[in-house]
Every structure is written in C-alpha cells, then in structure tokens.
Amino acid sequence: MELNREQREAVEYLNGSLLVIAGAGSGKTRTIVAKIEHLIRKGYDPKRILAITFTNKAAKELKERIRQSLGVNLPWVGTFHSVANRILRWAGKHIGINPDFVILDREDSRRVLKEILKNFDTELDATLYEEAISKYKEGGKYISTDGGFISVDSLDHFWEIFESYQKRLKELNALDFSDLLYFTVKLLRENPTVREKLRNHFQYILVDEYQDTNNIQYNIVKALSDNHRNLCVVGDDDQSIYGFRGSDVRHILNFSRD
C-alpha cells in the first residue's frame, strides 16, 4: 500500500498511545487499514484488535479491506454501539442484564416513553424527554430547546419518569440505543474482573473520528486501554460534526495530557 512519510510514521509507531491528526481527504482510512495490517504482520492477533468507527458502513469497509489484503477476519471492528452490544451480551449478566435482550429502535422506545408519560402531570412533548434521557445516559447534562439550553433534570418529574422508563425496559428485557453505552460503562466501572479480562484481551485499540466522541464513549476507550496504552486515535479537530449528540472536541485536544 502506497503511503507518504507521515502516514508510514503513524502506521509503524507501536510504542504506546498515538494521536493522528488528519484532515478530510488525507487518507485516514488508508492509514488505519495499513496500521492494522502492520499490527497483524508484527504478530498481533486479529481477534484481539479492537477498531471503533462511527458508522456501520465504515466498519464494513475496514473489515473488507483487511479480508481482501490479508485474508483474515476482524471480529472486533464496529461502531461504539455494536461493540457495546457484544460486550453486554457476553458479560452484562454481572449487572443484571439478560444476554438475550432486545434493542428497541427509536420508534419503539418512544412508544414506551409515551405510555410512561400518561402517568405524570406534564405538558412537555415525549421527544423532549426522549432527548433528555438519551443525553443523560451518554454523559450529558443539557439539551437544546427553542429557548436555549436547559438542564435535563429541570424537566417536570424527570427522575421519576426516567426510573419508570428504565423499569419498563427491564420488564420487556429491552435496552434502548443509549443503554448500550450506559450499561457498558456501568459494567466496566462496577466489575473489575470483566474490565481486566477485556483490557487483557485487546492487544491494540484504534478509534476513528475521535473528535466526535462524547463523554461516555471516551470513558469506554479509557477503561479498555488504561493499562497497556496501546491506543491509536485518528481525527480532525476542525471536523467535529456530532456536537448536537454531545461530542466533545476536548477529547482530541487533551489526548496528550490524558
């Protein structure tokens, strides 16, 4: 694979954490693919390489490129949510999650929430509570409204509604999309045995579009890489596009300090 000097430097560096700043069209995907190929050629087990992307399309492309070039499969390549889903099905039982849980899409979770809201005296729309619950689960404290930003817990009966909603999901043996990240962090924080098993399993971790990580995604990466620091993150501090989802560009700006 043809690489320029900077790309080759990023590919061949394996001594601890690495931040790659790369703008649009600069060959980020090519560099990530080449780095994974380099890791495998250096003896890293493909089953123990974790690569996190922000879209299923990007994950599929990454897997396919490695399969075509080296003929190996990468089972731990996916989005934050798909990786969290796999972790919870393996070890979620330690925090009371049934491994055969179903994942509710937005329409289903909103339907559950609307049923919950019938029991509370509020005129606020279900979509506002939906956003607030999701924001809280993913480490945020504020949501955007027509009147500006407000604290999630300033909504009418927020905590009672949140608890009722979570109780109903438990009864349905269901998780919503944000629960995947929320409970993965809970699992990693509360169960040192599981945390150490995962840390020891992953020999190397790569994260694409790192500037778009929110607080809970950052905490997952930190928990999984905190011992060996074999972590490569790639991003562009000028290209953060998920601020409305709670992404925090400070994660990439503070990477060297962290």
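Provided above is the structure to which this section pertains.
For clarity, every value in this text was computed on a predicted model and none was experimentally measured. (Residues numbered from 1 in each chain as written. Predicted model: local features only at pLDDT ≥ 70, side-chain atom pairs only at ≥ 80, totals over all residues. Heavy atoms only, no water.)

(A) Broad picture of unusual backbone geometry. Non-glycine residue histidine 157 carries a positive phi angle of around 55°. Turning to its location among the elements, histidine 157 is positioned in the loop between strand S6 (148-151) and helix H7 (158-171). For histidine 157, a relative accessible area of 35% corresponds to the partly exposed category. (Helix = DSSP H or I, 4+ residues; strand = E, 2+ residues; numbered from the N terminus. Buried < 20%, exposed > 50% of the residue type's maximum accessible area, 1.4 Å probe, protein only.)

(B) Broad picture of the packing of aromatic side chains. For the structure shown, the criterion picks out 11 aromatic pairs. Measuring from centroid to centroid gives 6.1 Å for tyrosine 44 and tyrosine 204, while their planes differ by 85°, and the two rings are edge-to-face. Within this pair, whereas tyrosine 44 is found in the loop between helix H2 (28-41) and strand S2 (49-53), its partner tyrosine 204 is found in strand S8 (residues 204-207), the two being separated by 160 residues in sequence. Each member of the pair, tyrosine 44 together with tyrosine 204, is buried. On the numbers, 5.1 Å between centres and 70° between planes, the contact of tyrosine 182 with phenylalanine 183 is edge-to-face. Using a relative accessible area of 23% as the deciding quantity, one classes tyrosine 182 as partly exposed. Grouped by ring-pair contacts, the aromatic residues Tyr136, Phe158, Trp159, Phe162, Tyr182 and Phe183 constitute a single cluster. Arginine 86 extends its terminal NZ or CZ atom over the ring of tryptophan 76, reaching a point 4.0 Å from the ring centre. The positively charged end of arginine 89 is found above the aromatic ring belonging to phenylalanine 101, 3.8 Å away from the centroid. (Phe/Tyr/Trp six-rings, centres within 6.5 Å; stacked < 30°, edge-to-face > 60°. Lys NZ or Arg CZ within 6 Å of the ring centre and 35° of its normal.)

(C) Focus on helix H1 (residues 5-12). Where H1 is concerned, the buried positions are Gln7, Ala10 and Val11. The buried residues of H1 all sit within an arc of 100° when viewed along its axis, so they share a single face. For H1, the exposed residues lying more than 90 degrees away from the buried face are Arg5 and Glu9. Summarising the contacts, the buried residues of H1 are in contact with strand S1 (18-21) and H2. In this structure asparagine 4 caps H1, since a side-chain oxygen of it lies 3.1 Å from the backbone nitrogen of glutamate 6. (Arc of directions from axis to C-beta. Contact = heavy atoms within 4.5 Å. Polar contact = N/O pair within 3.5 Å; in protein donor to acceptor, adjacent residues only side chain to side chain.)

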